[in-house]
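Chain by chain, the residues:
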Amino acid sequence: MAKLRFVGFLFLVNFASCLYINTTSNGTETENASEESEANGEEIGGNFQGDMILSPSQIYSLFSMSRNGLIDERYRWPKNSDGIVEVAYKFEVGDFTLSEKETIRKAMDEIESVSCIKFVHSDDALMKIYDGMGCASAVGMQTDRQYVSLNSQYCIKSGKIIHELLHALGFYHMQNAYDRDDYIKINFDNIEKGFESNFARYRNSEVSYFDTGYDYGSVMHYSPYGFSKNGLKTIEPIKEAKDSDKAQQMGQREGMSDGDVKRLNNMYQCSSKINQNE
Ligand SMILES: [Zn+2]
């Protein structure tokens, strides 16, 4: 993996009337999957778990005994009689250039090409994609209104868009898996104060692998430097984990891993794939 020079990064995230400014710089050369920072854009900011916008009931259920979250079918987009899951979306008027819209559309095509999910542009859609101050998304289908924020400067990259769209489809972050401690070590001393909840573990009654295992290469996994306050790693692989050699993929934002594809298909029980050339 190429060594990339970290040049310092200023990132703003503004949601729910909260403004967070986070700067990180250490001037050192580090190995990283991200192009512009040690941490991916969505790993710096003020939403719950960095870039997820959760309803109060979702937050409550993640930390209560009830079964909810990703397993809960309330947040799953419905499948039509043809076995296709249509996700209606629209762009905020005037927010993106044609080229940016094409990049977003290509990310949708990538998801469509490996699943039964079909993104359909509709002026009546509840899900609005807009040029917000960060990369962020609600988790799973919302019944009133739904937002996906893709900052045009930081988030218009295929893997980052796919990451947010997978949130919108119902996926949380990989490193929050109930058995993650068998695979990674969280260095709480290096985490930015106030962002420790981003590294919480969920119960397996709430979040499922959907018949896959822990996946260092998931596009939903934080980078090793996510929410670092000092430039040191917040996540490290446990050497004893049988597939720790794959840990170098942590934080990749190139696209879906094989595991991501399998989880998506298992969650929505896809029996066909959308032809992206349709
Ligand atoms: Zn995320």
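Remember, predicted model here, so these are calculated numbers, not experimental data.

Digging into the overall build of the protein
Along its length, the protein carries four helices and twelve strands. Among the 278 residues that make up the protein, the fraction classed as buried is 43%. Sequence separation of at least 24 residues holds for 78% of the intrachain contacts in the protein that already meet a minimum separation of 6.

A few points about the environment of Pro78
Among the secondary structure elements, Pro78 is positioned in the loop between helix H1 (56-62) and strand S6 (85-91). You can call Pro78 exposed: it has 10 C-beta atoms within 10 Å. Considering only alpha carbons, one finds Pro78 and Met141, 63 residues apart in sequence, at a separation of 9.0 Å.

Focus on the UniProt feature "binding site: Zn(2+)" (unreviewed entry) in the protein
As recorded in UniProt, the feature "binding site: Zn(2+)" (unreviewed entry) lies at His163, His167 and His173. Setting aside residues no more than four positions away along its own chain, His163 makes contact with Glu42, Val219, Met220 and Arg253. By the C-beta count within 10 Å, which is 26 here, His173 ends up buried.

Details of the environment of Ile274
Of note, Ile274 is situated in the segment after helix H4 (258-267). Separated by 161 residues in the primary sequence, Ile274 and Ser113 have C-alpha atoms spaced 5.5 Å apart. Not counting residues within four places of it along the chain, the set of residues in contact with Ile274 comprises Ile84, Glu112, Ser113, Cys116, Ile117 and Lys118.

Topic: unusual backbone geometry
Backbone geometry at Phe227 places phi at a positive 60°, although glycine is not the residue there. Its place among the elements puts Phe227 in the loop between strand S11 (184-186) and strand S12 (235-237). Located in the positive-phi region is Gln269, a residue other than glycine, with phi close to 45°. Within the secondary structure, Gln269 sits in the segment after H4.

Reading guide: rules and limits
- Residues numbered from 1 in each chain as written.
- Predicted model: local features only at pLDDT ≥ 70, side-chain atom pairs only at ≥ 80, totals over all residues.
- Helix = DSSP H or I, 4+ residues; strand = E, 2+ residues; numbered from the N terminus.
- Buried ≥ 20, exposed ≤ 12 C-beta atoms within 10 Å, placed from the backbone.
- Contact = placed C-beta atoms within 7 Å.
- UniProt positions renumbered as here; feature names shortened; annotations may be inferred.

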